[in-house]
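Summary of the model geometry
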Amino acid sequence: MTHMIPSKARIWLADNLALLSFFTLTGVLNERFIAGMGWGEVATARLIGAPLMILTARPYGVWRDWVMLKSNAAETGQTRAFVFDTLALLSFQLPIYGAIIWIGGASGTTLISGIIGAAAIMLICGRPYGLWLDTVRRWMGVPIVAGSRST
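Everything in this summary refers to the structure shown in the same document. All values reported here derive from a predicted model rather than from experimental measurement.

This brings us to the overall build of the protein chain. Within the protein chain, the regular secondary structure consists of five helices and zero strands. Helices and strands appear in the protein chain in the N-to-C order α-α-α-α-α. Burial analysis of the protein chain (151 residues in total) assigns 44% to the buried set. By sequence separation, contacts in the protein chain at least 24 residues apart represent 74% of the contacts at least 6 residues apart. Surface summary for the protein chain: the accessible area is close to 7600 Å², and the carbon and sulfur share equals 74%.

Structure follows, in C-alpha cells:
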C-alpha cells in the first residue's frame, strides 16, 4: 500500500507520523508533570503544537538527515549517533517548543521549567526518536539516511 503513495508524499507522511506520535506524548507528560501546566494549558499547547509539528516535521527530518550524514554517525558507532541525534533534536526543536508553550500560556518559572524539562526529555529521547523516525520511515518504504542507521 505504501508504494501506491508517491515517494515525496511518503517521506512527508512518515516524518509527520513519527514526530506527531512521539512528541505529542512526551509533550503532554512534560507540560503536565514537569512544567506543572494545567490540563487546559496542556490542551492549548498541544492544539498549537500539532499544526506546528506538521509544518516542521519534514524540515526537521531533512535537518536530522544532514546532521547524521555530516557526523558520519554510522561509521563511528552508537555513541556518535546518540550525540548527533540529540544535538539535531535540541538545536531544531527546543526553540519551537519554547514558543509553543509560551503561546499556550506558560510564563516565568513555568516557561523556564517547561523548556528545561523539554531539554532534558530531548537529551534522553534524541536517539530513541531518531530510531523511531527510521522505523516509521522503513514502514512507509522510505530510504533511511546512511548516517542514521543503528549498528
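Structure shown, so let's carry the discussion forward.
The next point concerns the side chain of Gln 93. Mapping Gln 93 onto the fold places it in helix 4 (residues 78-103). With sequence-adjacent residues up to four places away left out, Gln 93 is seen in contact with Leu 19, Thr 56, Tyr 60 and Met 122.

Among the nonpolar cores identified, the biggest contains 33 residues, and Phe 23, Met 37, Ile 101, Met 122 and Tyr 129 are the most heavily contacted of them. Secondary-structure elements contributing two or more residues to this core are helix 1 (7-34), helix 2 (39-71), helix 4 and helix 5 (108-139). Top contributing element to this core by residue count: helix 5, with nine residues. Ignoring anything within four residues of it in the chain, the contact list for Tyr 129 reads Asp 15, Ala 18, Leu 19, Phe 22, Phe 23, Tyr 60 and Leu 89.

Over its 26 residues, helix 4 extends 36 Å from the first C-alpha to the last, a length consistent with the 38 Å expected when each residue adds 1.5 Å. Buried within helix 4 are the following residues: Ala 81, Asp 85, Thr 86, Ala 88, Leu 89, Leu 90, Gln 93, Leu 94, Tyr 97, Gly 98, Ile 100 and Ile 101.

What follows is about the packing of helix 2 against helix 4. For the pair helix 2 and helix 4, interaxial distance at closest approach is 10 Å and the crossing angle is 155 degrees. Between helix 2 and helix 4, the angle falls in the class roughly antiparallel. For the pair helix 2 and helix 4, the crossing hand works out as right-handed. When grouped by side-chain class, the residues that make up the contact of helix 2 with helix 4 number 18 nonpolar, five polar and four charged.

Across all of its chains, the model carries eight aromatic pairs by this definition. Ring centres 6.1 Å apart and planes at 45 degrees place the aromatic pair Tyr 60 and Tyr 129 in the tilted group. With Tyr 60 in helix 2 and Tyr 129 in helix 5, this pair connects stretches of sequence that are 69 residues apart. Judged on exposure class, the residue Tyr 60 and its partner Tyr 129 are both buried.

So, how was this worked out
- Residues numbered from 1 in each chain as written.
- Predicted model: local features only at pLDDT ≥ 70, side-chain atom pairs only at ≥ 80, totals over all residues.
- Heavy atoms only, no water.
- Helix = DSSP H or I, 4+ residues; strand = E, 2+ residues; numbered from the N terminus.
- Buried < 20%, exposed > 50% of the residue type's maximum accessible area, 1.4 Å probe, protein only.
- Contact = heavy atoms within 4.5 Å.
- Areas by Shrake-Rupley, 256 points an atom, 1.4 Å probe, with all protein chains shown as cover.
- Core = buried A, V, L, I, M, F, W, Y, C linked by side-chain atoms within 4.5 Å.
- Expected span 1.5 Å × (residues − 1).
- Axes fitted to C-alpha atoms, helices over the stretch in contact; angles between N-to-C directions.
- Parallel < 35°, antiparallel > 145°, perpendicular 65-115°, else oblique.
- Left-handed = near helix turned anticlockwise from the far one by under 90°.
- Nonpolar A, V, L, I, M, F, W, Y, C, P; charged D, E, K, R; others polar.
- Phe/Tyr/Trp six-rings, centres within 6.5 Å; stacked < 30°, edge-to-face > 60°.

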